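Topology and contacts: notes
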Amino acid sequence: MSQRPSDALLIWTLRTCAVTAGVIVVFIALFLVQESLPALRSVGLLRFFTDSSWHPAENLYNLTPMLLGTLFAMVGSVLIATPLGILSAIFVNYYAPPKIAQSYRGVLGLLAGIPSVVYGFWGLVVLVPLIGELEPPGPSLLAGILILSIMILPTIALVADSSIGSVPKEYMTSAASLGLSRWTAIRRIILPSAKSGLFTGTILETGRAIGETMAVLMVCGNVVQIPKSLFEPVRTLTANIALEMAYALGDHRSALFVSGLLLMLIIVCLILAAEWISRGRIYA
Amino acid sequence: MNVLLNRSGAVYEGAQEYEERDMSLTQISTRDLNLYYGNKPAFKGVNLSIKPGSITAVVGPSGCGKSSFLLSLNRLAELIPGCTVSGSVRVGEHDIFDPETDLISLRLSIGMIFQKPNPFPLSVKENIALPLKEHGTVGKNEIDSKVEKVLKEVGLWDEVRDRLNSPALSLSGGQQQRLCIARTLALEPKVLLLDEPCSALDPLSSSVVEDLITELRGKYTIIIVTHNLPQARRIADYVAFFWMQDNAGALIEYGATKQIFNEPENELTEAYIKGARG
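Bear in mind that the values here come from a model prediction, so they are computed numbers and not experimental data. (Residues numbered from 1 in each chain as written. Chains lettered and ligands numbered in written order. Predicted model: local features only at pLDDT ≥ 70, side-chain atom pairs only at ≥ 80, totals over all residues. Heavy atoms only, no water.)

1. Things to note about the packing of aromatic side chains
The description of an aromatic ring pair uses the distance of the two centres, along with the angle that the planes make with each other. What the rule picks out here adds up to 11 aromatic pairs over all chains. Between A:W54 and A:Y61, the aromatic rings sit 6.0 Å apart at their centres with planes inclined by 75 degrees, giving edge-to-face as the arrangement. As far as burial versus exposure is concerned, A:W54 and A:Y61 are alike and both buried. Relative to B:Y272, the ring of B:F241 lies with its centre 5.1 Å away and its plane at 35 degrees, an arrangement referred to as tilted. One end of the pair, B:F241, is in strand β9 (residues 238-245); the other, B:Y272, is in helix α11 (residues 267-273), and 31 residues separate them in sequence. In this structure, B:F241 and B:Y272 share a single accessibility class: buried. Grouped by ring-pair contacts, the aromatic residues A:F48, A:W54 and A:Y61 constitute a single cluster. (Phe/Tyr/Trp six-rings, centres within 6.5 Å; stacked < 30°, edge-to-face > 60°. Buried < 20%, exposed > 50% of the residue type's maximum accessible area, 1.4 Å probe, protein only. Helix = DSSP H or I, 4+ residues; strand = E, 2+ residues; numbered from the N terminus.)

2. What about the environment of B:G65?
All names here are of chain B. Structurally, G65 is set in the loop between β3 (55-59) and α2 (66-73). Residue G65 is classed as buried on the basis of its relative accessible area, which comes to 8%. Sequence separation of G65 and G249 is 184 residues, and the distance between their C-alpha atoms is 5.2 Å. Once residues lying within four places of it in the same chain are set aside, the contact partners of G65 are A42, F43 and F242. (Contact = heavy atoms within 4.5 Å.)

3. Some words on unusual backbone geometry
Note the cis peptide between A:P136 and A:P137, where omega equals 5 degrees. Among the structural elements, A:P137 can be located in the loop between α5 (116-134) and α6 (141-165). The phi dihedral of B:E196 falls on the positive side, at around 45 degrees, and the residue is not glycine. Take B:E196: it is sitting in the loop between β7 (191-195) and α8 (203-215). Judged by its relative accessible area of 10%, B:E196 falls in the buried class. For B:D246, which is not a glycine, the phi torsion comes out positive at approximately 55 degrees.

4. Points about a nonpolar patch on the surface
Residue and element names in this part refer to chain A. A cluster of nonpolar side chains, F121, W122, L124, V125, V126 and L130, forms an exposed patch at the surface whose accessible area comes to about 550 Å². Among the secondary structure elements, L124 is positioned in helix α5. Of the residues examined, L124 reaches a relative accessible area of 36% and is grouped as partly exposed. (Patch = residues over 30% accessible without salt bridge, like charges linked within 9 Å, V, L, I, M, F, W, Y side chains within 5 Å. Areas by Shrake-Rupley, 256 points an atom, 1.4 Å probe, with all protein chains shown as cover. Salt bridge = Lys/Arg side-chain N within 4 Å of Asp/Glu carboxyl O.)

5. Quick look at helix α4 (residues 124-134) of chain B
Of all 11 residues that make up α4(B), 9 are buried, and the element is covered over most of its length. Burial in α4(B) covers these residues: B:V124, B:K125, B:E126, B:N127, B:I128, B:A129, B:L130, B:P131 and B:L132. Taken together, the buried residues of α4(B) touch α8 (182-211) of chain A together with α5 (140-153), α6 (157-160) and α7 (173-185) of chain B. Once α4(B) finishes, B:G136 follows within two positions and takes phi at roughly 100 degrees, a positive value.

6. Things to note about the pattern of salt bridges
In this structure the tally under the stated criterion is 17 salt bridges over all chains. In this structure, the salt-bridge partner of A:R235 is A:E244, at a minimum N-O distance of 2.7 Å. Each of the two residues, A:R235 as well as A:E244, counts as buried. Salt-bridge contacts for B:R217 lead to B:D237; the nearest nitrogen and oxygen are separated by 2.6 Å. A residue pair is termed long-range when its members are at least 10 positions apart, and B:R217 in the loop between α8 and β8 (221-225) and B:D237 in the loop between α9 (229-235) and β9 qualify at 20 residues. The class for B:R217 is partly exposed, based on a relative accessible area of 29%. On the basis of relative accessible area, B:D237 is assigned to the partly exposed category, the value being 26%. Connected through salt bridges with shared partners, the residues A:R188, B:E126 and B:K133 form a single ionic network.

7. Let's talk about the side chain of A:S177
In this structure, A:S177 sits in helix α7 (residues 169-177). In this structure the side chain of A:S177 is engaged in a polar contact, spanning 2.8 Å, whose partner is the backbone oxygen of A:S174. When neighbours within four sequence positions are excluded, A:S177 is seen to be in contact with B:L76, B:R107, B:M112 and B:F114. (Polar contact = N/O pair within 3.5 Å; in protein donor to acceptor, adjacent residues only side chain to side chain.)

8. A few points about the interface of chain B and chain A
Between chain B and chain A, the residue contacts involve 22 residues of the former and 15 residues of the latter. Where chain B abuts chain A, roughly 1600 Å² becomes buried across the two surfaces, and 66% of that area is made up of carbon and sulfur atoms. Looking at the side of chain B facing chain A, the largest losses of area belong to B:F120, B:L130 and B:E134, adding up to 31% of the total buried there. Counting every contact that joins chain B to chain A gives 2 salt bridges. The salt bridge partner of A:R188 is B:E126, with a shortest N-O separation of 3.2 Å. Taken together, chain B and chain A are joined by 5 residue pairs in polar contact (both at pLDDT 80 or more). (Buried area = accessible area lost by both parts, 1.4 Å probe.)

9. With respect to the environment of A:L9
All names here are of chain A. Positionally, L9 belongs in helix α1 (residues 5-42). Under the relative-accessibility criterion, L9 is labelled exposed at 61%. Separated by 40 residues in sequence, L9 and F49 place their C-alpha atoms 51 Å apart.

10. What to know about the nonpolar core
Membership of the largest hydrophobic core comes to 71 residues, with the highest contact counts inside it found for B:F120, B:I128 and B:L151. When residues in this core are grouped by element, the largest group, 6 residues, is from α8(A). If we skip the residues at most four places from it in the chain, B:I128 touches B:V147, B:V150, B:L151, B:L179, B:A182, B:R183 and B:A186. With 44 residues, the next largest nonpolar core counts A:L67, A:M74, A:A209 and A:A215 among its residues. (Core = buried A, V, L, I, M, F, W, Y, C linked by side-chain atoms within 4.5 Å.)

11. Remarks on the pairing of β9(B)
All names here are of chain B. Examined bridge by bridge, β3 and β9 share 4 bridges and lie parallel to one another. Looking at the pairing, V59 lines up with F241 of β9. Across 8 bridges, β9 lies against strand β10 (residues 248-256) in antiparallel orientation. Bridge pairing links A240 to Y254 in β10. (Pairing = 2+ DSSP bridges.)

12. Structural notes on the packing of α7(A) against α8(A)
All names here are of chain A. Taken N-terminus to C-terminus, the directions of α7 and α8 make an angle of 150 degrees; their axes are 10 Å apart at the nearest point. In this view, α7 runs roughly antiparallel relative to α8, as classed from their interaxial angle. In the crossing of α7 with α8, the sense of the turn from one axis to the other is right-handed. Contacts from Y171, M172 and A175 of α7 reach α8 at R182, A185, I186, I189, I190 and S193. For the contact of α7 with α8, the class distribution of residues is 7 nonpolar, 1 polar and 1 charged. (Axes fitted to C-alpha atoms, helices over the stretch in contact; angles between N-to-C directions. Parallel < 35°, antiparallel > 145°, perpendicular 65-115°, else oblique. Left-handed = near helix turned anticlockwise from the far one by under 90°. Nonpolar A, V, L, I, M, F, W, Y, C, P; charged D, E, K, R; others polar.)

In structure tokens, the structure reads:
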């Protein structure tokens, strides 16, 4: 099939962009693997989970507490932010007067645009002392979960808003004509119709919760331990990299790349799980 | 007892009972009815009395407020942002704009079918069962028998009896529209508002739905908006003709179908019927 010159130009531009984006991801992954290899060779994969502690200077490399710290913070914040985000999307679409809905969307957009260090700073001077009054010391898993919840809320709220907003308006009209209450219509018709978008939003916010570094580093206390309660300090994988990268050498430095690799694996698992769960069920 | 405040109708056993129902209660009349979208009038000053148990066709060119007129009769219009309705609509003895009107009862007694078939993204059965459950029918057997009964009433039972649990959206357009009519009938309305119910369907489905509407004559008070003049002539007992006047839709003429088509009083009607205008 013959193509017009302008089409060919467009196609090649698009191809170049797509290949560039793909290649960058591949290179980052390869780089992570390459930098992790020395530690994986000399320490061995197993010891990253079985060593007695994380003391690189003493050749101890247990990542488990930080892995759990990351997972706890992720699960906690997703559990808080998801219902809030979906409910707020329902509110702006079906309950709020147009003016309030408009300004609310603006505020959410703003919330998404605030730099994470600002969240961290606010958490450090406001949230951490408050939690400290409740139960010392203050810097804790709870503080991390709360800060993360606020940070990922705009992601799920905006995605849920757009997916609920794209549900055909006729559903609501015909539900009203059948005398269905607004809540019944939302629960039984609107939310099921929007579920693929809601699911995508949840994946996106989870990814953001896993990757967030700065704010979490500022409020979590960064003690390497498996927390016994919400009020105990934790260190996440991301915070660990940021804290130790500046002075790490040799196997220690390489071990930090292993934790980066681990983060990437978690994200890949998340995406694969999403694919698997959604296959034929959610996106059908 | 006022029809709009009485939600619990007797359970009907057979179609015959529809004809025995007191049709005097389903008299609909409008007085000086106006509807505005913002500052723009959709129609103004509509005075119309609908004969109970009859089929009334609302005809006229696009944009003269026919659909808006239907939406004002069951107060769905107020769901549209910026829409205001004034004047009065009486259903039986009751003014539907009375602040004490129970909106749910109103919409149960005045069912509505839209131009585009709009079944919910649920199973065939659940499309009918969901509204039934919402309005207090809980027994599984009771729901099943009602589902079967209304599907038979719209002639869909034999086509879908084996796939009651399949998605309603997998049905053909005509089947979807009949399903929408079935789920409305399941709520035992007294009035049916149909907004161009056949215009989004292929000719074959269209004629099936049209036959169904004819069969419902006498059991319900039916008001149907249609662009299809031959269809109006075939199925309607009465015809209301709308036309743009002073930038707003207006009711120009109302009368028995024969009279409107054979000896219209208004020359606008005559011109429209003859296909000269609009």
